[in-house]
Amino acid sequence: MADLTLSGIDVGATPKTPMPPAQGQRTILALDLGTTTGWAIRGFDGLITSGTVSFKSGRYDGGGMRYLRFTNWLTEIDRLSGPIEAIWYEEVRRHAGTDASHVYGGLMATLTAWAELRGIPYQGVPVGTIKKHATGKGNAPKQAMIDAARKRGFSPADDNEADAIATLLWAIETQGGVA
């Protein structure tokens, strides 16, 4: 599978581990929202692909450009891999700083509005739930999440991608992927 790009943003890294085929399998997207957003998607064929995408503001960008780029990225992922039938995202309740909190809130608002307009169900999953499912510890550090993804056959570039993979696997294994 060739890598796919959207304005220089890697939206289709090398395919990862396929899940066993299931009858009526749905395309689902999992996200770790942030300036560097981790993502993992299971296609209708069971193939899981993951990566990261940066929504860092440029020097001359207006305040809303990050969110417009996120909207365009979601639309392109849906067009290339979809249709997306469910979205799961890491639900963060505590942030390291005010800026991170604002970025997360803006991305979550953009995501939920985008999904509502398309009738796509979405659901947040608490961070501790994802970490406990992936590592057995609800307060696992970033490296433990990366190691857990590697043990499952993935090669995450960073903790953002590892968290998205863990969110996707949690959704598939505990909820059947249905939001």
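Relevant structure appears above.
Small disclaimer: the values here were computed from a predicted structure and weren't measured.

Details of the sheet that holds strand 7 (residues 122–126)
Inference 1: Ordered in space as 5-4-3-6-7, the five strands form an open sheet in which the pairing is mixed. Bordering the open sheet on either side are strand 5 (48–54) and strand 7, each of which pairs with just one other strand. Direction aside, neighbouring strands of the sheet carry axes that sit 20° apart on average.
Inference 2: The sheet contact formed by strand 3 (residues 28–32) and strand 6 (residues 86–91) spans four bridges and is parallel. When the bridges of strand 6 are listed, L31 appears paired with Y89.
Inference 3: Contacting strand 6 and strand 7, helix 3 (residues 127–135) runs over the sheet at an angle of about 70° to strand 7.
Inference 4: Relative to the sheet, helix 5 (residues 159–175) contacts strand 3, strand 4 (36–42), strand 5, strand 6 and strand 7, its axis offset from that of strand 4 by approximately 35°.

A word on the packing of helix 3 against helix 5
Inference 1: Remark: helix 3 packs on helix 5, axes separated minimally by 9 Å, with the N-to-C direction vectors making an angle of 80°. Here helix 5 runs roughly perpendicular to helix 3, going by the angle between their axes. The residues of helix 5 that touch helix 3, namely those facing T129, I130, H133 and A134, are D163, A166, T167, L169, W170, E173 and T174.
Inference 2: Split by residue class, the contact of helix 3 with helix 5 holds five nonpolar, four polar and two charged.

So, the environment of K56
Inference 1: Position of K56 relative to the elements: it lies in the loop between strand 5 and helix 1 (65–81).
Inference 2: Look at K56 and you get exposed, because its relative accessible area is 61%.
Inference 3: In this structure, the C-alpha to C-alpha distance between K56 and T35, residues 21 residues apart in sequence, is 5.4 Å.
Inference 4: Apart from the residues lying within four places of it in its own chain, the contact partners of K56 are T35, R66 and R69.

The rules we used
- Along each chain, the written sequence defines residue order, and numbers are assigned to residues from 1.
- For a predicted model such as this one, the threshold for reporting local features is a pLDDT of at least 70, and the threshold for listing and counting side-chain atom pairs is 80 or more; totals across whole chains, interfaces and linings nevertheless cover every residue.
- Only hydrogens and water are set aside when side-chain values are computed; all heavy atoms of the structure are taken into account.
- Two strands pair under a simple rule: DSSP has to find at least two bridges between them.
- Numbering of helices and strands starts at the N terminus; helices are DSSP runs of H or I of at least 4 residues and strands are runs of E of at least 2.
- Interaxial angles span 0 to 180 degrees and are taken between N-to-C directions of axes, which are lines fitted to C-alpha atoms, for helices over the stretch in contact.
- By definition in these notes, contact holds between two residues if any of their heavy atoms fall within 4.5 Å.
- Throughout this description, any angle smaller than 35 degrees is read as roughly parallel, any larger than 145 degrees as roughly antiparallel, any in the 65 to 115 degree range as roughly perpendicular, and the remainder as oblique.
- Following the grouping adopted for this structure description, the nonpolar residues are Ala, Val, Leu, Ile, Met, Phe, Trp, Tyr, Cys and Pro, the charged ones are Asp, Glu, Lys and Arg, and the polar ones are all others, Gly among them.
- Burial classes follow relative accessibility: with a 1.4 Å probe on protein chains only, a residue under 20% of its type's maximum area counts as buried, one over 50% as exposed, and anything between as partly exposed.

Shape is all these values report; function is a separate question.
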